[in-house]
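Observations on the model geometry
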Amino acid sequence: MLSITKVSGAARAEAERIVAGAQKEARGLVTRARAWLRACVPRPARVRKTAAAAAAGAPIGRAEKVLASAWQVNGALVVATGRAVYHQDCSRAGRSWSRLGWEEVDQVLWDDDQHMLTLGCTGRSGSSRVVLRLSRHVPLVEFAREQVISTTLARAPLLSGGHVCGWLTVRRSPGSGRVRWVLVLQDAAAAREPALQARVTDAIAALEADLGIPSGRHESPQVPDSSSAGCRRER
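Below or above, wherever it landed, is the structure these notes cover. These figures come from a predicted structure and were not determined experimentally.

Right, let's talk about the pattern of salt bridges for a bit. Oppositely charged side chains are able to pair whenever their charged atoms sit close together. This model, assessed by the stated rule, comprises 2 salt bridges. Notably, a salt bridge pairs Arg199 with Glu193, separated by 2.6 Å at the nearest N-O pair.

Structure, rendered in structure tokens:
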């Protein structure tokens, strides 16, 4: 004999709730799986760019992936990873490669008329720049700007006689825990002041406290002399 059991409204509602919960959990698993795939599985375009850069001789590290690339008008290749930009020098035999870490780049300029990308750098030996002549505006330009912003942790003015005589910037080295301090003076005469080094030391200590950077785990910037190219004037 077939017996029919009536299901109460409360039981039906509970069953529907359980089914809806299971469906929601399944959708969540699918979403998380897709996110994992996007994060862990290299995109074909990135794989192709990285392989092409390696084939061209770019000295990229094993853990680096090419995220942006472009060709200069002279046929030289430029590739950028999350850690550095690599560019060929056609003026040298064999088109040798040069590496520039993003923590070394403090300025990105784009000339839309001349299609020229300029990367300004400030190091211990002074200020310099890398000029890349491209055929058009490419995603590499915006990528470079994003990397400079992301590697800049803080920037503080350096005072002399109540006026700003320069800027102290702390940069993060991508892929490592190291930080880099960059001192740029606006007034070359300030480099001759005996108390300038002490003010730089105090400014570093203050930024370390604000950012939670362990004291002493960095290479402090040297104050350039008044004739040094490292004393770059900002406009």
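Turning our attention to the sheet that holds strand β4 (residues 96–101). Ordered by their spatial adjacency, 4 strands build an open sheet running β1-β2-β3-β4, and the pairing between neighbours is antiparallel. With partners counted over all chains shown, the strands left at the sheet margins are β1 (68–71) and β4, one partner each. This sheet shows a mean twist of 15° between the axes of neighbouring strands, independent of strand direction. Two elements, strand β3 (residues 84–89) and β4, share 6 bridges in a ladder whose sense is antiparallel.

Bringing the packing of aromatic side chains into the picture now. All chains considered together, the criterion is met by 1 aromatic pair. For the ring pair Trp102 and Phe143, a centre distance of 6.0 Å and an interplane angle of 75° mean the geometry is edge-to-face. Of the two residues, Trp102 sits in the loop between β4 and β5 (105–111) while Phe143 sits in helix α3 (residues 139–151), which places them 41 residues apart along the sequence. Under the relative-accessibility criterion, Trp102 is labelled buried at 0%. One Lys or Arg, Arg155, reaches over the ring of Trp167 and ends 4.2 Å from the middle of that ring.

So, on to α3. Given a rise of 1.5 Å per residue, 13 residues ought to cover 18 Å, and the 19 Å separating the end C-alpha atoms of α3 matches this to within 8%. Among the residues of α3, those classed as buried are Leu140, Val141, Phe143, Ala144, Gln147, Val148 and Thr151. Around the axis of α3, the buried residues are gathered within 165° of arc, so they sit on the same side. Those residues of α3 that are exposed and angled more than 90 degrees off the buried face are Pro139 and Ile149.

Attention now moves to the side chain of Gln72. Within the element layout of this structure, Gln72 appears in the loop between β1 and β2 (77–80). A distance of 3.2 Å separates a polar side-chain atom of Gln72 from the backbone nitrogen of Arg133. Beyond its immediate stretch of four places on either side in the chain, Gln72 contacts Val78, Gln88, Val131, Leu132, Arg133 and Leu134.

Once that is clear, we can look at unusual backbone geometry. At His115, a position not held by glycine, the phi torsion is positive, near 55°. On the secondary structure map, His115 appears in the loop between β5 and β6 (116–123).

All right, on to the sheet that holds strand β9 (residues 163–172) then. Read across the open sheet, the 3 strands follow the order β8-β9-β10; overall the sheet is antiparallel. Strands with a single pairing partner mark the edges of an open sheet, and in this sheet they are β8 (152–160) and β10 (179–185). Looking at each pair of strands side by side, their axes are set apart by 20° on average, direction ignored. Across 8 bridges, β8 lies against β9 in antiparallel orientation. Bridging from a neighbouring strand, Arg155 pairs with Thr169 of β9. Across the sheet, helix α4 (residues 196–211) is in contact with β8, β9 and β10; its angle to β8 comes to roughly 145°.

Another aspect to go through is the nonpolar core. In terms of nonpolar packing, the biggest core is built from 22 residues, with Val105, Leu117, Leu119 and Leu140 touching the most fellow members. Those elements giving two or more residues to this core turn out to be β1, β2, β5, β6, β7 (126–133) and α3. With 5 residues, the single largest contributor to this core is α3. Core analysis: the second largest hydrophobic core is formed by 18 residues, Leu168, Leu196, Val200 and Leu207 among them.

Conventions and cut-offs
- Residues numbered from 1 in each chain as written.
- Predicted model: local features only at pLDDT ≥ 70, side-chain atom pairs only at ≥ 80, totals over all residues.
- Heavy atoms only, no water.
- Salt bridge = Lys/Arg side-chain N within 4 Å of Asp/Glu carboxyl O.
- Pairing = 2+ DSSP bridges.
- Helix = DSSP H or I, 4+ residues; strand = E, 2+ residues; numbered from the N terminus.
- Axes fitted to C-alpha atoms, helices over the stretch in contact; angles between N-to-C directions.
- Phe/Tyr/Trp six-rings, centres within 6.5 Å; stacked < 30°, edge-to-face > 60°.
- Buried < 20%, exposed > 50% of the residue type's maximum accessible area, 1.4 Å probe, protein only.
- Lys NZ or Arg CZ within 6 Å of the ring centre and 35° of its normal.
- Expected span 1.5 Å × (residues − 1).
- Arc of directions from axis to C-beta.
- Polar contact = N/O pair within 3.5 Å; in protein donor to acceptor, adjacent residues only side chain to side chain.
- Contact = heavy atoms within 4.5 Å.
- Core = buried A, V, L, I, M, F, W, Y, C linked by side-chain atoms within 4.5 Å.

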